Amino acid sequence: MTYAAHQPVMLKEVIAALAPKKGGVYVDATFGAGGYARAILNAADCTVYGFDRDPTAIERAKEWAKEFSGRLFLINRPFAEMREALNEEGVEVIDGVVFDLGVSSMQLDEAERGFSFRHEGPLSMRMDGEKPDAEDVIARADAQDLAAIFRRYGEENRASAIARAIIREREKAPITTTDQLASIVEKATPVPARQKGKKKIHPATRVFQALRIFVNDELGQLIAGLRAAERLLRPAGRLVVVAFHSLEDRIVKRFLASRSESKGGGSRHLPPAERPPASFELLYPRALEPSNEETADNPRARSAKLRAAVRTEAPPAPDGDDALGAPKEIKLSFMHGGK
């Protein structure tokens, strides 16, 4: 699968927001097919560190990356660990970082990865290919936990009914493929509930999304990645995030809001509360959305939202002092080394 087969979303807007400069050091935190990294390297004589937790993405890029020898460095680690990984490379500050959140087009297109119900494949969904994965969650989580996963990470209204249906079916036979799970969800969803206005959504969409987010800890990784970026960016460095899911975009929006305001709202009776100096200045007052031309050419871009900010000279905010809108964490013992 080639670079040309997977064009990155809102590429022009991302490069404009990132504004690569000669001699700069940049991070493509979600390398994928390398579309952003290549565009950054072509925009300026700079250095890019590409992070991806998926070893397949890194391996595929090695051949064409030779074109940028000495300027492009590939790192097979999740972006939540970018600060530690860059420090190991002798890099303590960067000039910009871009995140393209969610699953990549390549992963969706590979049936063996089990990310999509459009292709029959094993029920995996792990970005790094490790275990435990979605099959383990479906096989071992109880109905209450399954419903919580579907509701919190997929915003699925029929979470409890779907969870009960899964429990009933797995007692008859193991659920090991994407087709099996999609069929169970579809049967547990009445026809009227499968439609949202005029836009028809497959009933398994939110369940698959929820499982993927859960097994990869995508929201926890996002929060850790944003905090790492805040500590790595030098003054005037730029943070650019493209999100496709409301939960992800909410976290990014609240993170940037909390870092770009130096005073609280106060009330009629109390003056505005003092906050630490703002560590970011918003580049745009609200999220940018893709053009009509892009969404026509690339349906994946339809739900994209781009937010960007510029790092100030203020110190980073302390960890754990902000409510970023992430759902309450669901802990399953077997996901954390238990039995």
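Reading the values: the criteria
Residues numbered from 1 in each chain as written. Predicted model: local features only at pLDDT ≥ 70, side-chain atom pairs only at ≥ 80, totals over all residues. Heavy atoms only, no water. Axes fitted to C-alpha atoms, helices over the stretch in contact; angles between N-to-C directions. Helix = DSSP H or I, 4+ residues; strand = E, 2+ residues; numbered from the N terminus. Parallel < 35°, antiparallel > 145°, perpendicular 65-115°, else oblique. Left-handed = near helix turned anticlockwise from the far one by under 90°. Contact = heavy atoms within 4.5 Å. Nonpolar A, V, L, I, M, F, W, Y, C, P; charged D, E, K, R; others polar. Core = buried A, V, L, I, M, F, W, Y, C linked by side-chain atoms within 4.5 Å. Buried < 20%, exposed > 50% of the residue type's maximum accessible area, 1.4 Å probe, protein only.

Trainee: Explain the packing of helix 8 (residues 159–172) against helix 9 (residues 178–187) to me, please; I cannot follow it from the model alone.
Mentor: Between two packed helices, what matters for the description is the angle formed by their axes and the separation of those axes. The interhelical angle for the contact between helix 8 and helix 9, taken along N-to-C directions, is 125°, at an axis separation of 9 Å. Relative to helix 9, helix 8 is oriented oblique. Seen along the crossing, helix 8 lies across helix 9 with a hand that is right-handed. Across from I162, A165, I166 and E169 in helix 8, the residues of helix 9 making contact are L181, I184 and V185. Partitioning the contact of helix 8 with helix 9 into residue classes produces 6 nonpolar, no polar and 1 charged.

Trainee: Sorry, what's going on with the nonpolar core here?
Mentor: Grouped burial of nonpolar side chains is what soluble globular proteins tend to show. Judged by nonpolar contacts, the single largest core of 70 residues is most densely connected at M82, V97, F99, V137, F150, L181 and L239. If near-sequence neighbours (up to four positions away) are discounted, V137 is found in contact with L146, I149, R170, L211, F214, V215, L332, F334 and M335. By size, the runner-up hydrophobic cluster in this structure holds 29 residues, among which are V9, A37, F68 and V98.

Trainee: Even after reading the chapter, I still don't get the packing of helix 7 (residues 143–154) against helix 8, so can you show me in this structure?
Mentor: Taken N-terminus to C-terminus, the directions of helix 7 and helix 8 make an angle of 135°; their axes are 8 Å apart at the nearest point. Classified by the interaxial angle, the pair formed by helix 7 and helix 8 is oblique. Judged by the twist between their axes, the crossing of helix 7 over helix 8 is right-handed. Residues A143, L146, A147, F150 and R151 of helix 7 form the contact with helix 8, whose own contacting residues are A159, S160, I162, A163, I166, I167 and R170. In terms of residue class, the contact of helix 7 with helix 8 is made up of 9 nonpolar, 1 polar and 2 charged.

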